[in-house]
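Survey of secondary and tertiary structure
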Amino acid sequence: MAAPVADSWSWFPALALGVSFLKCLFISAYHSTDFEVHRNWLAITHSLPVSRWYHENTSEWTLDYPPLFAWFEFGLSHLAQHFDKNMLQVQNLNYASPATVLFQRLSVIFTDVIFIYGTRECCRCVQEQKGSRDLLNRPSFVLAVLLLWNFGLLIVDHIHFQYNGFLFGFLLLSVAKHLQSQHLQGALLFSILLNLKHIYVYVAPAYGIYLLRSYCFTQDNRDGSVRWRSLSLLRLLALGAIVISVCALSFGPFIAMGQLPQVLSRLFPFKRGLCHAYWAPNFWALYNILDKILAVLGVRLKLLQEAELPRASMTGGLVQEFQHTVLPSISPSITFICTLLSILPTVASIWQRPRGARGFLRCLLLCALGSFMFGWHVHEKAILIAILPLSILAVESREDAGIFLVLSTTGHYSLFPLIFTPAELPIKVALMLMFVIYSFTALRKLHKSSGPGSLLHPLESFYLLGLIPLAIACEFVFPLSPWQQKLPFLPLLATSVYCAVGVCYSFLRLYVSLLREEEKPKQS
């Protein structure tokens, strides 16, 4: 781990303030149904007793985050009452007065201070290039821009509306603490994060195996294998106490009221379909489109009768209950097995051959991507769990920089369908172009000393350039064509399938880089 850089960091506050002011410009922009989701949660936690929080169903947007996030909404609600008390009435469905919009937008902007702090801590951990005064040659500066001005967070949190920045702040802080060898603090921060939003269970295996292997076991044998007698019961008990304490504070009241099954049924609604309404660009998007192609071919070759096919499989791309026609239909248990198999090699790798905190970070990325690739009812926004931490590796490694460019470009473009209003079209296009141009320019300049030429292979560049005609077709040509009425789902389907290729490719490349690391001599 590199020591904190002693150079001036005067640029960081200016960068953070600049992005905060930019977020303020989006206050009056379009917002999705997630805006109403969080307004409803403010009303539930403020107006109802705790015993009714996870039973209330006046709105279809019921409380389905862990209890710690519910307490976060409860705290926000006491500030919200000074803006507009009517937003805190459960019966006021779809309530969006100007004061309500202002409060909720500002709540996201101000809680992003956690993300800003997490970014600062991660930037202090990266290895700096000696003797360089050019900011674009400083990995800490490049990383700060990649994180603070991340395109995905800007449109998902500050236009579409969510609190991902606040949550990712805890993740970045936790990663930074592990990079700084402050493992108990890192474990505490992740435990808090997991009790704020349970989607981060995706990366829990990386934390569990890394802390057990590299913190609880204090010594290795000469061949690098674990020395079983070196297990520190004190360290194991300390970690266990942290995790149990946070979970007890979060879930304890609901366990005492006998409501744990009800809370868990809200957190894990397996009655939803394999894919979210917007197909996430993962393996199942490719699986779904293959099933559609085979079904169409089957009808044309008269191997299948169109009347016998499930209607959704032939005409829809937005269904949740998706029954495959030709290929076997997928159950939650199958997705769990596929996810487990996809992350098993990486967690086994850091157990057999620990490579420090950066080995843990690579494992975290592969766990996040493996779960995104094969999970049940995955939201497209979950790709950010991989893109943001990968930024840290991208500023230190030329190979990881190339993977980052592919994953971030395709992953961010897959979020385009979330913002579908005409007024916001120039905003998302401009933000995406600025982020992509900066990423390519800054990372190429940062890594020019490690090798000449582009960070991407020609085929990778060709694939990414294909996003341009795809965007033109989906955003400009298709809305003016007659297909908009007959096949309204087509742009979503094309976006998901095309981007799924890039995400799958990035996942495989990360695994290849892991295998290459295993072939290198063991580093201390």
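In short, a report on the structure. Just so we're clear, the structure is a prediction, and the values are computed from it rather than from any experiment.

**Overview of the overall build of the chain**
Helix and strand counts for the chain stand at 23 helices and 0 strands. Against the 2.2 N^0.38 benchmark of 24 Å for 524 residues, the chain shows a C-alpha radius of gyration of 24 Å, consistent with a compact globule. Taken along the three principal axes of its C-alpha coordinates, the chain extends 65 × 55 × 45 Å. Across the 524 residues in the chain, those meeting the buried criterion constitute 55%. Taking the contacts inside the chain whose residues are at least 6 apart along the sequence as the reference set, 77% of them involve residues at least 24 apart. In the structure as shown, the chain presents an accessible area of about 23,300 Å², 66% of it carried by carbon and sulfur atoms. Side-chain charges in the chain split into 39 positive and 29 negative, and the spacing between the mean points of these groups amounts to 6 Å.

**Considerations on the pattern of salt bridges**
For side chains of opposite charge, pairing can occur when their charged atoms come near one another. Applying the stated criterion across every chain, the model contains 9 salt bridges. We note a salt bridge from Asp 220 to Arg 213, for which the minimum N-O separation is 2.8 Å. A relative accessible area of 1% places Arg 213 in the buried class. Put simply, Glu 475 and Lys 428 hold a salt bridge, and the shortest N to O gap is 3.3 Å. Here Glu 475, found in helix α21 (residues 467-477), pairs with Lys 428, found in helix α19 (residues 425-446); they are 47 residues apart in sequence, far enough to count as distant. Look at Lys 428 and you get buried, because its relative accessible area is 2%.

**Description of the nonpolar core**
With 161 residues, the main nonpolar core has Phe 168, Phe 404, Tyr 413 and Leu 443 as its most contacted residues. With 13 residues, helix α16 (residues 356-374) is the single largest residue contributor to this core. Not counting residues within four places of it along the chain, the set of residues in contact with Phe 168 comprises Phe 115, Leu 153, Tyr 200, Leu 384, Ile 385 and Leu 388.

**Details of helix α7 (residues 151-161)**
Along an α-helix, residues three or four positions apart point the same way, because every turn accommodates 3.6 residues. Taken across its 11 residues, α7 has 11 buried, putting it largely inside the fold. Those residues of α7 that fall on the buried side of the exposure criterion are Phe 151, Gly 152, Leu 153, Leu 154, Ile 155, Val 156, Asp 157, His 158, Ile 159, His 160 and Phe 161.

**Quick look at the packing of helix α2 (residues 33-47) against helix α3 (residues 67-80)**
A pair of packed helices is characterised by two quantities: the angle between their axes and the separation of those axes. Where α2 contacts α3, the two axes come as close as 8 Å, and the packing angle between them is 85°. In this view, α2 runs roughly perpendicular relative to α3, as classed from their interaxial angle. Where α2 abuts α3, its residues His 38, Trp 41, Leu 42, Thr 45 and His 46 lie against Phe 69, Ala 70, Glu 73, Phe 74, Leu 76, Ser 77 and His 78. A per-class count over the contact of α2 with α3 returns 6 nonpolar, 5 polar and 1 charged.

**Things to note about unusual backbone geometry**
The backbone of Phe 161 sits at a positive phi, close to 100°, despite the residue not being glycine. When you line up the elements, Phe 161 lands in helix α7. In this structure, Ser 181 takes a positive phi of about 65° despite not being glycine. Looking at the secondary structure, you find Ser 181 in the loop between α8 (164-179) and α9 (183-196).

**Some remarks on the packing of aromatic side chains**
Going through the model one piece at a time under the given rule, you end up with 37 aromatic pairs. Each ring, one from Trp 284 and one from Phe 374, has its centre 6.3 Å from the other, and the planes form 80°; the classification is edge-to-face. Linking Trp 284 in helix α13 (residues 283-300) with Phe 374 in helix α16, this pair joins segments that are 90 residues apart in sequence. Accessibility classification places Trp 284 together with Phe 374 in one group, the buried group. Taken together through their ring pairs, the aromatic side chains of Phe 35, Trp 41, Tyr 65, Phe 69, Phe 72, Phe 161, Tyr 163, Phe 166 and Phe 170 make up a single cluster. It is Arg 235 that lies over the ring of Tyr 215; its NZ or CZ is 4.6 Å from the centre. One residue, Lys 292, lies across the ring of Phe 489, its end atom 5.7 Å from the ring centre.

Basis of the calculations
- Residues numbered from 1 in each chain as written.
- Predicted model: local features only at pLDDT ≥ 70, side-chain atom pairs only at ≥ 80, totals over all residues.
- Heavy atoms only, no water.
- Helix = DSSP H or I, 4+ residues; strand = E, 2+ residues; numbered from the N terminus.
- Rg over C-alpha atoms; globule rule 2.2 N^0.38 Å.
- Buried < 20%, exposed > 50% of the residue type's maximum accessible area, 1.4 Å probe, protein only.
- Contact = heavy atoms within 4.5 Å.
- Areas by Shrake-Rupley, 256 points an atom, 1.4 Å probe, with all protein chains shown as cover.
- Lys, Arg positive; Asp, Glu negative; His and termini not counted.
- Charge placed at Lys NZ, Arg CZ, Asp CG, Glu CD.
- Salt bridge = Lys/Arg side-chain N within 4 Å of Asp/Glu carboxyl O.
- Core = buried A, V, L, I, M, F, W, Y, C linked by side-chain atoms within 4.5 Å.
- Axes fitted to C-alpha atoms, helices over the stretch in contact; angles between N-to-C directions.
- Parallel < 35°, antiparallel > 145°, perpendicular 65-115°, else oblique.
- Nonpolar A, V, L, I, M, F, W, Y, C, P; charged D, E, K, R; others polar.
- Phe/Tyr/Trp six-rings, centres within 6.5 Å; stacked < 30°, edge-to-face > 60°.
- Lys NZ or Arg CZ within 6 Å of the ring centre and 35° of its normal.

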